[in-house]
Amino acid sequence: MIRLEGVSKIYPPDVHGLRDITLDIDPGEFVSIVGQSGAGKTTLARLLIAEEQPTRGKIEIGGWDITRIRSRRIPDLRRQVGVVFQDFKLLPKKTVWENVTFALEVSGVPTRRIRDVTPQVLKIVGLEEKAERFPYQLSGGEQQRVVIARALVHRPKILLADEPTGNLDSINTRDIIDLLLKINAFGTTIVLVTHNREVVNALRRRVITLANGQVAADHKEGKYLLPT
Ligand SMILES: Nc1ncnc2c1ncn2[C@@H]1O[C@H](COP(=O)(O)OP(=O)(O)O)[C@@H](O)[C@H]1O
Ligand SMILES: [Mg+2]
């Protein structure tokens, strides 16, 4: 599903974001990416959605070589990889419904299809009753669930979440992780970037530890090994 071969990312003039990363993530996996600040986690995430290009190496998503993807193909990639990033905020003056449908409208999805898919994703995240609310009328955990709903509208094969629980307390964190597990159970591959030890240890799924832009550990039923 995701394959990196000898991927390096150097930010000019000479900052190494990633160094010679080779890894495979299979369809349906739930993988946590951990590492201390500056380890390269966000760089990896940004490469997977072609927000950055690798300096060296090759990246494939679902057998598609996106290493030198043309910008007009990026929307196709984004339909395959749903993203939950901290800098992709909700639009404060739009309702939950509008926040979720916005991306669909922009990409020219027919209204009938939008009316069909939006209640489905709102149901998955448990917010069908709150579709007419504005973000400020929601808790932090609910807002993050809207972000996840928005990431699901194209029925992506992969959901990539960079610190989705970063601003949440432990109860809301648990809810978001349960939601990611539910989405994973539907067959979506999950790549979760996190520095939350409790989350990683409770998941008991694969953990890839990055350090200095390299894969320092990769365990099937991993534990959070870093000092806190
Ligand atoms: N846009 C950028 N320009 C220059 N250096 C960057 C940029 N983004 C990240 N870096 C550097 O690349 C390294 C990895 O950063 P990052 O991928 O953000 O790590 P993490 O998400 O694990 O904290 C760090 O040394 C960081 O300073
Ligand atoms: Mg980061």
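Residues numbered from 1 in each chain as written. Chains lettered and ligands numbered in written order. Predicted model: local features only at pLDDT ≥ 70, side-chain atom pairs only at ≥ 80, totals over all residues. Heavy atoms only, no water.

Peer 1: Got a sec to walk through the nonpolar core? Specific residues and values, please.
Peer 2: The tendency in soluble globular proteins is for nonpolar side chains to be buried as a group. Within the largest apolar cluster, 33 residues are counted, with the highest numbers of intra-cluster contacts made by Ile 148, Leu 159 and Leu 192. Of all elements in the fold, only helix 3 (96-106), helix 4 (111-124), helix 5 (140-152), strand 7 (158-162), helix 6 (170-185), strand 8 (189-193) and helix 7 (197-203) reach the threshold of two or more residues within this core. Among the elements that take part in this core, helix 5 stands out by supplying 6 residues, more than any other. Listed in part, the 32 residues of the second largest apolar core include Ile 59, Trp 64, Ile 69 and Leu 210. (Core = buried A, V, L, I, M, F, W, Y, C linked by side-chain atoms within 4.5 Å. Buried < 20%, exposed > 50% of the residue type's maximum accessible area, 1.4 Å probe, protein only. Helix = DSSP H or I, 4+ residues; strand = E, 2+ residues; numbered from the N terminus.)

Peer 1: Tell me what's going on with the layout of surface pockets, and back it up with residues and numbers.
Peer 2: Vacant regions in the atomic arrangement are exposed by a probe of water-molecule size rolled over the atoms. Approximately 510 Å³ is the volume attributed to the largest pocket. Every residue lining the largest pocket is counted, 19 residues in all, and those nearest its centre are Arg 78, Val 83, Ala 103, Arg 150 and His 154. Put simply, the parts of the chain that give the lining of the largest pocket at least two residues each are helix 2 (74-80), strand 6 (81-84), helix 3 and helix 5. Along the lines of polarity and charge, the residues of the lining of the largest pocket split into 11 nonpolar, 4 polar and 4 charged. The volume enclosed by the second largest pocket comes to roughly 310 Å³. (1 Å grid on protein atoms, 1.4 Å probe; cavity = no way out; pocket = protein on both sides within 12 Å on 5 of 7 lines; lining within 4 Å. Points joined across faces, edges and corners; volume = space filled by probe spheres on them. Nonpolar A, V, L, I, M, F, W, Y, C, P; charged D, E, K, R; others polar.)

Peer 1: Provide a residue-level description of the packing of helix 3 against helix 5, including the pertinent values.
Peer 2: Close contact between helix 3 and helix 5 brings their axes to 8 Å; oriented N to C, the two are set at 30°. Overall, the two elements helix 3 and helix 5 adopt an arrangement that is roughly parallel. Considering the relative orientation of helix 3 and helix 5, their crossing is right-handed. When helix 3 is examined against helix 5, the residues Val 96, Asn 99 and Val 100 are found in contact with a partner set consisting of Val 146, Ala 149 and Arg 150. Looking at the contact of helix 3 with helix 5, its residues break down into 4 nonpolar, 1 polar and 1 charged. (Axes fitted to C-alpha atoms, helices over the stretch in contact; angles between N-to-C directions. Parallel < 35°, antiparallel > 145°, perpendicular 65-115°, else oblique. Left-handed = near helix turned anticlockwise from the far one by under 90°. Contact = heavy atoms within 4.5 Å.)

Peer 1: So, a nonpolar patch on the surface: which residues are in play, and what are the values?
Peer 2: Judged by side-chain polarity, Leu 91, Phe 102 and Val 106 come together as a nonpolar surface patch covering roughly 260 Å² of accessible area. Here Val 106 falls in the exposed class, since its relative accessible area comes to 64%. (Patch = residues over 30% accessible without salt bridge, like charges linked within 9 Å, V, L, I, M, F, W, Y side chains within 5 Å. Areas by Shrake-Rupley, 256 points an atom, 1.4 Å probe, with all protein chains shown as cover. Salt bridge = Lys/Arg side-chain N within 4 Å of Asp/Glu carboxyl O.)

Peer 1: I'd like a rundown of the sheet that holds strand 9 (residues 206-211), residues and numbers included.
Peer 2: Pairing is mixed in the open sheet, where 6 strands are placed in the order 6-7-8-3-9-10. Here the strands that pair on one side only, and so sit at the sheet edges, are strand 6 and strand 10 (214-219). This sheet shows a mean twist of 20° between the axes of neighbouring strands, independent of strand direction. Together, strand 6 and strand 7 form the strand contacts of helix 5, whose direction differs from that of strand 6 by roughly 165°. Sheet contacts for helix 6: strand 3 (30-34), strand 7 and strand 8; angle to strand 8, the most-contacted strand, approximately 155°. (Pairing = 2+ DSSP bridges.)

Peer 1: Explain the side chain of Thr 189 residue by residue, including any values.
Peer 2: On the secondary structure map, Thr 189 appears in strand 8. Look past the residues within four positions of Thr 189 in its chain and what remains in contact with it is Met 1, Ile 25, Asp 26, Pro 27, Gly 28, Glu 29, Lys 157, Ile 158, Leu 159 and Asn 184.

Peer 1: Requested: an account of the site of ligand 1, with residues and values cited.
Peer 2: In the neighbourhood of ligand 1, the contacting residues comprise Tyr 11, Val 15, Gly 17, Gln 36, Ser 37, Gly 38, Ala 39, Gly 40, Lys 41, Thr 42 and Thr 43. Between ligand 1 and the protein, one listed contact pairs an oxygen atom with a side-chain N or O atom of Lys 41 at 2.8 Å. Within the contact set of ligand 1, an oxygen atom lies 2.9 Å away from a side-chain nitrogen or oxygen of Thr 42. Surface burial for ligand 1 is 61%, taken as the share of its 560 Å² of free accessible area covered by protein chains. Within the residue set of the shell around ligand 1, elements represented by two or more residues are strand 2 (15-25) and helix 1 (41-48). In terms of residues, the shell around ligand 1 owes the most to one element, helix 1, which gives 3 residues. Residue composition of the shell around ligand 1, grouped by class: 3 nonpolar, 7 polar and 1 charged. (Near = heavy atom within 4 Å. Polar contact = N/O pair within 3.5 Å; in protein donor to acceptor, adjacent residues only side chain to side chain.)

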